[in-house]
Amino acid sequence: MDNLESLFEKKQYDLIIKLTESSNDPKERFMRLSCFVILGKDKEALDEIETNQNILEKNYPQKLMKLHFELLLKNKLFDEAKIALKHYQDLPYISQEVEEFLRSIPERIDNEKNSKNKYYSIDEICETLEAESDSALIGEVLFSLKNYNLSQIIDSLKIFMKRNDVNPNFRTFAFITLIDNKFDGEIELLTRNGLKTLNPKNIMPPFSSNAFNQITKNIYLESNKNVTIQETALHLVNCYALDIYPDDLTIDSPENMSKAFIMIAKDYIKEDYDKSETNIVSLKEKIKSIIESTPAIKL
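Residues numbered from 1 in each chain as written. Predicted model: local features only at pLDDT ≥ 70, side-chain atom pairs only at ≥ 80, totals over all residues. Heavy atoms only, no water.

Colleague: An account of the overall build of the chain is needed here, citing residue identities and associated values.
Modeller: Scanning the chain for helices and strands turns up 15 helices and two strands. On C-alpha atoms alone, the chain measures out to a radius of gyration of 21 Å, which is about the 19 Å that the 2.2 N^0.38 rule sets for 299 residues. By its C-alpha atoms, the chain is 60 × 50 × 25 Å across when sized along the principal axes. Taken across its 299 residues, the chain has 46% of its residues classed as buried. Across the chain, contacts joining residues at least 24 apart in sequence account for 62% of those joining residues at least 6 apart. Element-wise, carbon and sulfur atoms account for 48% of the exposed surface of the chain, whose accessible area totals about 15,600 Å². Taken as two groups, the 39 positive and 50 negative side-chain charges of the chain have centres that lie 2 Å from each other. (Helix = DSSP H or I, 4+ residues; strand = E, 2+ residues; numbered from the N terminus. Rg over C-alpha atoms; globule rule 2.2 N^0.38 Å. Buried < 20%, exposed > 50% of the residue type's maximum accessible area, 1.4 Å probe, protein only. Contact = heavy atoms within 4.5 Å. Areas by Shrake-Rupley, 256 points an atom, 1.4 Å probe, with all protein chains shown as cover. Lys, Arg positive; Asp, Glu negative; His and termini not counted. Charge placed at Lys NZ, Arg CZ, Asp CG, Glu CD.)

In structure tokens, the structure reads:
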């Protein structure tokens, strides 16, 4: 379990899913479920709950209920949500907090069913961006911003992008939202290298540079058709691109960087490799330290 927790902190969600496929350990099953949710694999997450509901609800009832209803309502599975509610209501008493949570669900189901999209008021969005600490709610609000006029919430976004108490990737997502909307104006963004003043209109989105494309292409070519290494290395590139954004992805040649990402992938799955290329090993450690210094998003 300690190794899986370390992998979770390193954001190796796909690898955790592979490693826990046959596990009967409650902690590992819940970690597997959390990884599906973080990766946006809702169908797989719901299948995981259906297959392992007894063991999950016995050990993590409140966390399971929260994730289960979020998944069902997000995917507009309202009848399934009512069935799940009846199931959880029939369980033996767990806590007053759980009872209150379950009492709130019928209204949530009705509200979601009668609304085309989950709607947050401008005040709710601004309050979340400026002061909220719950990662799940912050994530929901950030990914709903495409439905709003950003001019109404730009002041709160500016505050959010300087908050040091939220996950760094959330600040990056907020900045990318401004890029997508071609926002033209100076913005202060708190990055891993400190506060930077940037104009989103002039910044290239992540995952779109020639260097990124070349690195990923090289990983496909050099991973020797080992799917686990390939997928892990590609996920690492995505993590690294977000972690350093908006700084330049290239700190060495794309060829050397792809070799370094493959080395890190092999580190995580404990596979030996040739360490004679000391320059690549040094590059690997530099990239790895950056990835691991960024905290995982915890729900």
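Colleague: Lay out the side chain of Asn169 with the relevant residues and their values.
Modeller: The topology assignment puts Asn169 in helix H11 (residues 168-180). Setting aside its immediate chain neighbours within four residues, Asn169 contacts Lys11, Leu242, Asp243, Thr294 and Ile297.

Colleague: Break down the packing of aromatic side chains for me, citing the residues and quoting the values.
Modeller: Both the distance between ring centres and the angle between the ring planes are used here to describe each pair of aromatic rings. Per the counting criterion, the structure on display carries nine aromatic pairs. With centroids separated by 5.7 Å and ring planes inclined at 65°, the aromatic side chains of Phe69 and Tyr88 adopt a geometry described as edge-to-face. Here Phe69, found in helix H5 (residues 61-74), pairs with Tyr88, found in helix H6 (residues 78-89); they are 19 residues apart in sequence, far enough to count as distant. Residues Phe69 and Tyr88 agree in their burial class; the two are buried. (Phe/Tyr/Trp six-rings, centres within 6.5 Å; stacked < 30°, edge-to-face > 60°.)

Colleague: Before we move on, can you summarise the state of the cysteines with the specific residues and values?
Modeller: Tallied over the entire structure, the rule returns zero disulfides. Cysteine Cys35 remains unbridged, with the sulfur of Cys239 as its closest cysteine sulfur at 11 Å. (Disulfide = S-S within 2.5 Å.)

Colleague: Talk me through a negative patch on the surface; I want residue IDs and the actual numbers.
Modeller: A cluster of acidic residues, Asp123, Glu124, Glu127, Glu130 and Asp155, forms a negative patch at the surface. The greatest single-element share of the negative patch, amounting to four residues, is contributed by helix H8 (residues 122-131). With respect to the helices and strands, Glu124 occurs in helix H8. (Patch = residues over 30% accessible without salt bridge, like charges linked within 9 Å, V, L, I, M, F, W, Y side chains within 5 Å. Salt bridge = Lys/Arg side-chain N within 4 Å of Asp/Glu carboxyl O.)

Colleague: Which residues make up the side chain of Asp243, and what are the values?
Modeller: Examined against the element boundaries, Asp243 turns out to sit in helix H13 (residues 227-244). A polar side-chain atom of Asp243 sits 3.0 Å from a polar atom in the side chain of Lys11. Once you skip the residues sitting within four places of it in the chain, Asp243 turns out to touch Lys11, Asn169, Arg192, Ile290, Ile291 and Thr294. (Polar contact = N/O pair within 3.5 Å; in protein donor to acceptor, adjacent residues only side chain to side chain.)

Colleague: So, helix H4 (residues 42-59): which residues are in play, and what are the values?
Modeller: The first and last C-alpha atoms of H4 sit only 21 Å apart over 18 residues, clearly below the 26 Å expected at 1.5 Å per residue. In H4, a bend of some 85° at Asn52 exceeds every other bend along the element. Within H4, the full set of buried residues consists of Asp42, Ala45, Leu46, Glu48, Ile49, Asn52, Gln53, Leu56 and Glu57. (Expected span 1.5 Å × (residues − 1). Bend = angle between axes of the 7 residues up to and from the residue.)

Colleague: Which residues make up the nonpolar core, and what values do they have?
Modeller: Of all hydrophobic cores here, the largest spans 63 residues; its most connected members are Leu33, Phe69, Ile219, Tyr240, Leu249, Phe261 and Ile287. Counting residues per element, this core draws most heavily on H13, at nine residues. Ranked by size, the runner-up nonpolar core spans 28 residues in total, among them Val141, Val166, Ala174 and Leu178. (Core = buried A, V, L, I, M, F, W, Y, C linked by side-chain atoms within 4.5 Å.)

Colleague: Provide a residue-level description of the pattern of salt bridges, including the pertinent values.
Modeller: Applying the stated criterion across every chain, the model contains 19 salt bridges. The closest approach of N and O atoms between Asp14 and Lys41, which form a salt bridge, is 3.3 Å. Highlighted residues: Asp14 in helix H2 (residues 13-19) and Lys41 in the loop between helix H3 (26-38) and H4, separated in sequence by 27 residues. Residue Lys41 is classed as partly exposed on the basis of its relative accessible area of 32%. Here Glu188 makes a salt bridge to Lys162, at a shortest N to O gap of 3.2 Å. Here Glu188 is found in strand S1 (residues 187-191), whereas its partner Lys162 is found in the loop between helix H10 (154-160) and H11, with 26 residues between them in sequence. In this structure, a network of salt bridges that share partners links the residues Asp267, Lys284, Glu285 and Lys288.

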